[in-house]
Amino acid sequence: MDPQHKASAEPQASGPIGRLLNPVRGRLLVAALLAAVGAMLTLVPLAAIAQIARLALGAGGIAAQPLWQLVALSLASLFVGMLLISAGELLAHLADNRITHHLRLALVRRLSRVPLGWFSERASGEVKQALQDDINTLHNLTAHFYTTVGRAGGAILISLLYLFWVDWRLAIIALLPFPGFFLFFARAMRASGANMQAFAAKMAGIDSAVAEFVNGIAVVKSFGTSGRAHSRYREAVDEFAEAFIGFTRPLVASMANANALIAPVAVLGVVLLAGSLFVAQGWIAAADLLPFVLVTPGLCGPLLLLHYITHDLNHASGAAQRVQALLETPVLAPAPAGLERVPQGCEIRFEGVGYAYDAERQVLADISFNLEPGTTTAIVGRSGAGKSTLARLLLRFFDPSQGRITLGGVDLRQLDSASLYRHIGFVLQDVRLIHATVRDNIALGRPSASQQQIEEAARTANIHQRILDLPRGYDSVVGEDGQFSGGEQQQLSIARAVLLDPPVLVLDEATAAADADREVAIQDALSRFAQGRTLLVIAHRLDTVMQAERIIVIDNGRIAEQGRHAELLAQRGLYARLWNQGGYAHTTEQAVPAC
Ligand code: ATP
């Protein structure tokens, strides 16, 4: 018995499940009804057998005609019942197909409108969980739950009606074990309820110990602390085992009693004992005992089925909640209908921009500057100053909390994202390659590009030769035919940007993942690509941006200084300090290619 039993006993069909299944609710109810009527009809043969026995045991025996009529009725009921159950199952599966298809599309439509900044690692996990696992869980609910409830409910209902019709007094006695089952079951739940939280917490403890162990395995091994990590896992397992015993021990006796009460043999025993008494007292004829013998033990199956299927409802409720939450993920405010505007030129202006990831801390405040077309602007500052956040705002990963950013005089909020990314390309530190050919990876933003254009882009990014060295050249599949180093991935990402040919380019730590040789190749690629474009470079190494037309120094989310390299050094302010700390004192302007 698991701890979810208690939660599952509570009604949960409303709320997220109800909202998600709304479009197919009618079909599911019809499917449940068909299954219920079908299940009722499949039980007609039992009543027919009892009737045949009753006639056969009667004074005159049974004539051929009523016998065949009852047999025909039984077969017809069985056949129609099976047909109705199948129709119900088919309808439920069609409804399931419709709703899962609808949900998958709705989720993807929603996710295409959420800010790019939302897609953190945590969010990727949520998306995977919702799109795969949770939708599969909902499949169990839509395709099976309603028809199962219909079948079990129908069988129980018709059995009760039949037994009460035959003899209500014996029916009440024959059914006594069932309330007994629920009494023991409730007691078992109460007994284990106290330990349920500890049980769930220890189970979560194992999960996190496993995740910690697997995710940190490289660090753990390299620092020689694998023994400690192992022991954390062992401790979690031991604690879980203890909690498990604490949880199950009070359950065992009560559940054993509950199950014994409704075991078919126990139910049959009650029926025979009480029935014999009834017959002996002359309250019913011996033949009237047969319906009880045939039908009452059969109640256990559907009853247990109803009980166990509440598990599915419980799981589905969690899944529906997660899917619903994802469907309600806040999206970027769309451009007001009919107000989308076309940028006039490519000048970018930050006007009093501020941003806070959360209510507690303002990460950027009062940022105002222009990116003149064709110029290079570098953003520098200490770690955590807000440089990457500034770049992400320009790429509309988020919208500013205060102020606005304009492109060609148009607020980014009034641009559709396709137009934004046609104007502004980016090469970020965190490059994502997809599981596809190298060609598809480069042509991601422009699938119609010709092979020649793709190769040209790869040449500009200094990665053409490396691609030709792969077993299948541009047809090589990333991850199967070859692995790319961090620096090479940056170069593929540059080739992507080159192919889109945007007039504005944002580079954030574009060489961060590269070794010294590759860094030179990347810088070389970027400086060729950057010719004539507007560049915003987020630089962690000051020597890479000495030649920028403008260097903006961010400190604690605000612009502290701005100017050219020499001017800033002369000011002897923060930039000069960072320069000295970086040990670039002997670097000359000619030594490093500019972005
Ligand atoms: P670095 O040079 O180390 O990359 P940075 O100057 O680029 O730093 P940002 O990455 O912009 O700085 O981060 C600025 C501040 O915002 C930091 O305090 C950081 O912790 C916080 N921050 C960054 N990303 C998030 C996020 N997704 N959610 C919450 N806070 C964030």
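Before reading on, note that the structure itself is shown above.
Let us look at the structure shown here. (Residues numbered from 1 in each chain as written. Predicted model: local features only at pLDDT ≥ 70, side-chain atom pairs only at ≥ 80, totals over all residues. Heavy atoms only, no water.)

### Points about the overall build of the protein chain
Here is the rule: Numbering goes from the N terminus for both helices and strands, where a helix is a DSSP run of H or I of at least four residues and a strand is a run of E of at least two. Whether a residue is buried, partly exposed or exposed follows from its accessible area with a 1.4 Å probe, protein chains only, as a fraction of its type maximum: under 20%, in between, or over 50%, in that order. Any two residues having at least one pair of non-hydrogen atoms within 4.5 Å are treated as being in contact. For the accessible areas, the method is Shrake-Rupley and the probe is 1.4 Å, while residue cover comes only from the protein chains on display.
Scanning the protein chain for helices and strands turns up 22 helices and ten strands. When each of the 595 residues of the protein chain is scored for burial, the buried share is 45%. In the protein chain, of all internal contacts separated by at least 6 residues, the share reaching a separation of at least 24 is 77%. Accessible surface for the protein chain amounts to roughly 29,600 Å². Of this, 59% is attributable to carbon and sulfur atoms.

### Concerning the pairing of strand S1 (residues 348–355)
Applied cut-off: Pairing between strands is defined by DSSP: at least two bridges between them are needed.
Relative to strand S2 (residues 364–371), S1 runs antiparallel, the two sharing five bridges. Paired with Arg-349 across the strands is Asn-370, a residue of S2.

### A short note on the site of the ligand
Selection criterion: Whether a residue is near a molecule or strand depends on its heavy atoms: it is near if one of them lies within 4 Å of it. Contacts described as polar in this section are N or O atom pairs within 3.5 Å, which, within protein, must combine one atom able to donate a hydrogen with one able to accept it, while residues neighboring in sequence count only if both atoms come from side chains.
Around the ligand sit 13 residues, and of these Arg-361, Ser-383, Gly-384, Thr-389 and His-540 come closest. Contact between the ligand and Gly-384: an oxygen atom at 2.8 Å from a main-chain N or O atom of the residue. One nitrogen or oxygen atom from the main chain of Ala-385 is found 3.1 Å from an oxygen atom belonging to the ligand. Here the ligand has 630 Å² of accessible area as a free molecule, and 64% of this is covered by the chains.

### Quick word on the pairing of strand S7 (residues 504–508)
For S7, the buried fraction is high: five of the five residues fall into the buried class. The alternating pattern of S7 places Val-504, Val-506 and Asp-508 on one face and Leu-505 and Leu-507 on the opposite face, and all of these are buried. Strand direction decides the pairing type here: strand S6 (residues 424–427) and S7, joined by four bridges, are parallel. What sits directly across from Phe-426, in S7, is Val-506. As defined by bridge partners, S7 adjoins strand S8 (residues 534–538) across five bridges and the pair is classed as parallel. By the bridge assignment for S8, Asp-508 is matched with Ile-538.

### A short note on unusual backbone geometry
Within the chain, Asn-462 stands out as a residue other than glycine whose phi angle is a positive 60°. Relative to the assigned elements, Asn-462 resides in the loop between helix H17 (451–460) and helix H18 (464–468). Classification of Asn-462 as partly exposed rests on a relative accessible area of 30%.

### Things to note about the packing of aromatic side chains
Note the threshold: Ring geometry is summarised as follows: Phe, Tyr and Trp rings, the Trp one being its six-membered ring, pair when their centres sit within 6.5 Å, and such pairs are stacked at plane angles under 30 degrees, edge-to-face over 60 and tilted between the two.
Taken as a whole and assessed by the stated rule, the structure comprises twelve aromatic pairs. Seen in terms of ring centroids, Tyr-355 and Tyr-357 are 5.0 Å apart; in terms of plane orientation they differ by 90°. Their pairing is edge-to-face. Looking at Tyr-357, the relative accessible area reads 38%, which means it is partly exposed. Through a chain of ring-to-ring contacts, the aromatic side chains of Tyr-355, Tyr-357 and Phe-398 assemble into a single cluster.

### Looking at the environment of Gln-324
Here Gln-324 lies in helix H13 (residues 300–327). The spacing of Gln-324 and Ile-17 is 307 residues in sequence and 8.7 Å in space, taken between C-alpha atoms. Excluding residues within four positions of it along the chain, Gln-324 makes contact with Pro-16, Arg-19 and Leu-20.

### A few points about the side chain of Thr-377
Mapped onto the elements of the fold, Thr-377 is located in strand S3 (residues 376–381). Using a relative accessible area of 1% as the deciding quantity, one classes Thr-377 as buried. Sequence-distant contacts of Thr-377, that is, excluding residues within four places in its chain, are made with Leu-371, Leu-535, Leu-536, Val-537, Arg-550 and Ile-552.

### A closer look at the packing of H17 against helix H19 (residues 486–500)
For the record, the criterion: The axes used here are C-alpha line fits, helices contributing only the stretch in contact, and every angle between their N-to-C directions lies in the interval 0 to 180 degrees. For this classification, under 35 degrees means roughly parallel, over 145 means roughly antiparallel, 65 to 115 means roughly perpendicular, and everything else is oblique. The handedness criterion is simple: a crossing whose near helix is rotated anticlockwise from the far helix by less than a right angle is left-handed, and one whose near helix is rotated clockwise is right-handed. Polarity classes work like this: nonpolar for Ala, Val, Leu, Ile, Met, Phe, Trp, Tyr, Cys and Pro, charged for Asp, Glu, Lys and Arg, and polar for all others, with Gly in that last group.
Put simply, H17 and H19 touch, their axes get as near as 8 Å, and they point 125° apart. Here H19 runs oblique to H17, going by the angle between their axes. For the pair H17 and H19, the sense of crossing is right-handed. Where H17 abuts H19, its residues Gln-453, Ile-454, Ala-457, Ala-458 and Thr-460 lie against Ala-495, Val-498 and Leu-499. Of the residues assigned to the contact of H17 with H19, the class counts are six nonpolar, two polar and no charged.

### Things to note about the sheet that holds S7
Strand order in the open sheet formed by six strands is S6-S7-S8-S3-S9-S10, and the pairing between neighbours is mixed. Strands with a single pairing partner mark the edges of an open sheet, and in this sheet they are S6 and strand S10 (558–563). Taking the axes of each pair of neighbouring strands and ignoring which way they run, one obtains an average angle of 20° across the sheet. Sitting on the sheet, helix H14 (residues 387–394) is in contact with S3, S6, S7, S8 and strand S9 (550–555), with an inclination near 145° to S8.

### Focus on the nonpolar core
Nonpolar side chains in soluble globular proteins generally cluster together in the buried interior. Our working definition: Here the nonpolar core consists of buried residues drawn from Ala, Val, Leu, Ile, Met, Phe, Trp, Tyr and Cys, with membership extended through side-chain atoms lying within 4.5 Å.
Formed by 43 residues in total, the largest nonpolar core has its most connected members in Val-380, Val-438, Ile-442, Ile-467, Ile-494 and Tyr-575. Other than its neighbours up to four places away in sequence, Tyr-575 contacts Val-380, Leu-542, Ile-551, Val-553, Glu-561, His-565, Leu-568 and Leu-569. Formed by 33 residues, the second largest nonpolar core is a distinct cluster that contains Val-353, Tyr-355, Leu-412 and Leu-415.

### Considerations on a nonpolar patch on the surface
For the record, the criterion: Patches draw on residues past 30% relative accessible area with no salt bridge. Two like charges within 9 Å are joined, as are two nonpolar side chains (Val, Leu, Ile, Met, Phe, Trp, Tyr) within 5 Å. In what follows, salt bridge is the name for a side-chain nitrogen of Lys or Arg lying within 4 Å of a carboxyl oxygen of Asp or Glu.
There is a patch of nonpolar side chains on the surface, built from Val-210, Val-214, Tyr-233 and Val-237 and spanning about 290 Å² of accessible area. Breaking the nonpolar patch down by element, the ones donating at least two residues are helix H8 (177–215) and helix H10 (226–261). Here Val-214 lies in helix H8. With relative accessibility at 52%, the residue Val-214 sits in the exposed group.

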